[in-house]
Amino acid sequence: MTDLVVIGGGPAGMLCAVMAAQRGLAVTLLDRNLQLGRKLRITGKGRCNVTNACDTKEFMANIPGDGRFLYSAMSRFGTREVMAFFEGLGVPLKVERGNRVFPVSDNANDIADALARLCSSLGVKTVRTSAREILTENGAVCGVLTEQGRIDCRAAALCTGGRSYPKTGSDGAGYRMASQLGHTVNPTRPSLVPLTSDDPWCARMQGFSLRNVTLSAYEDGRLIFRELGEMLFTHFGVSGPLVLSASAKMRHMGSVEYRLLIDLKPALDEKKLEARILRDLEENPKRSFHNLLGGLAGRSMVPVLEELTGIPGEQRCTDFTREQRQKLIRILKAFPVHVSGTRPIDEAIVTSGGVSTREVDPRSMESKLVKGLYFAGEVLDLDAYTGGFNLQIAWCTGFVAGNAAGNET
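Chemist: Sorry, what's going on with the overall build of the protein here?
Modeler: Along its length, the protein carries 13 helices and 19 strands. Summarising its shape, the C-alpha atoms of the protein cover approximately 85 × 40 × 35 Å along the three principal directions. Across the 409 residues in the protein, those meeting the buried criterion constitute 57%. For the protein, the accessible surface area stands at approximately 17,600 Å², while carbon and sulfur atoms represent 46% of it.

Following this line, the structure appears as structure tokens:
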């Protein structure tokens, strides 16, 4: 018999186990991977965006769903508390652009290893296996059935993650177990995910990256996202930091129309851009339009810009008309990409959807349906935009669940 079985050794699961063990509970942590925190170790391109050094109001503004559910958890283990916690474990942190917090080492393993060591030092028993079913008796948790057999317990915490990156263990098993116990699992979809496009020029520019461009996203003609940064054309459409951020705003894929406009020259308004083009035309009257574009955009883009403007590449600059200049300016300031969908959920950074928060007590993360059952992290129907907010959700919900589990015993 153990006090608490934590299912899933990711950020939420490890912190939940730590908090419970610090209270003197006997804790068993189930994770099928050889290393705890496998997905955590690859987040932020291996750098680990630990949290965001913002206040609660700004944090809530980055939660597109039921952010109110997190008020209690954030008041107890907010961004400052998370930073203090990891620095207390000997992992120095730094704050970068957009208040994004990273380890000074830029190594996600430092965060995961610090948590794994703490689990071990507190006596958390780690079992390399997967849970199949949470067992109940008289409406309360009494055990967990694993691939290796049954573990009797007084409480269980589902910290299995979502459906993104299934090779790391986030294969949706938590949703199945929650559903078996009567919980509502809201439809899941990929978030922070590359976008697909039917536009032929995306594949033609495969591998071409854009830096310091402004990406705008529209939902049925309404602006829903605009940000400066980097992106990439791929064989299926577009990817990169800007695209992933924009995708989190696209929550009705299939029922509305989404399109992207890329400002390739955000530092120049249309008048200044026209002045630059006129200067180039006057200084190089015998140059072709093809060569002119080489100075305005990358080589991979030149044939596409010729096609979209309808201006022959061999046309000399001296023959440029005002109408052609305006066409070029419009394309450079609003390069179009039609969005046809997203890449599969197993390529997404985050899963949107999951266990309904209406059936979970926000003060304890305990199920309202099954006594002794707790939830933390991405298995819940909670997700956020990029910038460390999703990991902050894992930390604060794991903290609350770990501090509440076993209180009924």
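Chemist: When you look at the pairing of strand β1 (residues 2-7) in this model, what are you seeing that I'm missing?
Modeler: Looking along a regular strand, one sees the side chains alternate between the two faces of the sheet. The buried fraction of β1 amounts to six of the six residues, a majority that puts the element mostly inside the structure. Summarising the sheet, β1 and strand β9 (residues 149-158) pair through five bridges and their orientation is parallel. What sits directly across from Val6, in β9, is Ala157. In terms of strand pairing, β1 meets strand β2 (residues 27-30) through four bridges, oriented parallel. Directly across from Val5, in β2, lies its bridge partner Thr28.

Chemist: Honestly, the nonpolar core in this entry has me stumped. Any pointers?
Modeler: Soluble globular proteins tend to bury their nonpolar side chains together. Core analysis: the biggest nonpolar cluster contains 85 residues, and Leu70 and Trp395 have the highest contact counts within it. Examining the composition of this core, we find that ten residues originate from one element, helix α13 (residues 389-404), more than from any other. Setting aside residues up to four positions removed in sequence, Trp395 forms contacts with Pro11, Leu15, Leu40, Val50, Phe77, Val82, Phe86, Ile111 and Leu115. Of all hydrophobic cores here, the second largest spans 44 residues; its members include Leu210, Val213, Phe225 and Leu293.

Chemist: I tried to follow the packing of helix α9 (residues 270-283) against helix α12 (residues 322-333) on my own but got confused; where do I start?
Modeler: Contact pair α9 / α12: the axes reach a minimum separation of 10 Å and the direction vectors enclose 125°. Taken as axis vectors, α9 and α12 run oblique relative to one another. Taken as a pair, α9 and α12 cross one another with a handedness that is right-handed. Touching Glu270, Leu273, Glu274, Ile277, Leu278 and Leu281 of α9 are Arg325, Gln326, Leu328, Ile329, Leu332 and Lys333, all from α12.

Chemist: Would you mind going over the sheet that holds strand β15 (residues 258-263) with me for this structure?
Modeler: Pairing is antiparallel across the open sheet formed by seven strands, whose spatial order is β16-β15-β12-β13-β14-β11-β17. Here the strands that pair on one side only, and so sit at the sheet edges, are β16 (335-339) and β17 (341-342). Set on the sheet, α12 makes contact with β15 and β16; between it and β15 the angle comes to about 110°.

Chemist: Even after reading the chapter, I still don't get helix α6 (residues 173-180), so can you show me in this structure?
Modeler: Given 3.6 residues per helical turn, the α-helix brings residues three or four places apart onto the same face. Every buried residue of α6 is accounted for by Ala173, Gly174, Tyr175, Met177 and Ala178. Where α6 is buried, its residues touch β1, β7 (131-137), β9, β10 (185-191), β18 (350-355) and β19 (373-375). One or two residues past the end of α6 sits Gly182, with phi positive at roughly 95°.

Chemist: How should I be thinking about the side chain of Asn33 in this particular structure?
Modeler: Checked against the element boundaries, Asn33 lands in the loop between β2 and β3 (51-52). Looking at Asn33, its side chain comes within polar contact range of the side chain of Arg38, at 3.3 Å.

Chemist: Would you take a moment to explain the pattern of salt bridges for this structure?
Modeler: For the coordinates displayed, the defined rule picks out 18 salt bridges. For Glu274, the salt bridge is made with Arg325, and the minimal N-O distance between the two is 3.2 Å. In this pair, Glu274 is assigned in helix α9 and Arg325 in helix α12, connecting sequence segments 51 residues apart. In this structure, Glu274 and Arg325 share a single accessibility class: buried. Taking the shortest distance from any N to any O, the salt bridge between Arg343 and Glu347 comes out at 3.1 Å. Residue classification places Glu347 among the partly exposed residues on the basis of a relative accessible area of 32%. One network of salt bridges, in which partners are shared, links Arg47, Lys94, Glu96 and Asp106.

What counts as what
- Residues numbered from 1 in each chain as written.
- Predicted model: local features only at pLDDT ≥ 70, side-chain atom pairs only at ≥ 80, totals over all residues.
- Heavy atoms only, no water.
- Helix = DSSP H or I, 4+ residues; strand = E, 2+ residues; numbered from the N terminus.
- Buried < 20%, exposed > 50% of the residue type's maximum accessible area, 1.4 Å probe, protein only.
- Areas by Shrake-Rupley, 256 points an atom, 1.4 Å probe, with all protein chains shown as cover.
- Pairing = 2+ DSSP bridges.
- Core = buried A, V, L, I, M, F, W, Y, C linked by side-chain atoms within 4.5 Å.
- Contact = heavy atoms within 4.5 Å.
- Axes fitted to C-alpha atoms, helices over the stretch in contact; angles between N-to-C directions.
- Parallel < 35°, antiparallel > 145°, perpendicular 65-115°, else oblique.
- Left-handed = near helix turned anticlockwise from the far one by under 90°.
- Polar contact = N/O pair within 3.5 Å; in protein donor to acceptor, adjacent residues only side chain to side chain.
- Salt bridge = Lys/Arg side-chain N within 4 Å of Asp/Glu carboxyl O.

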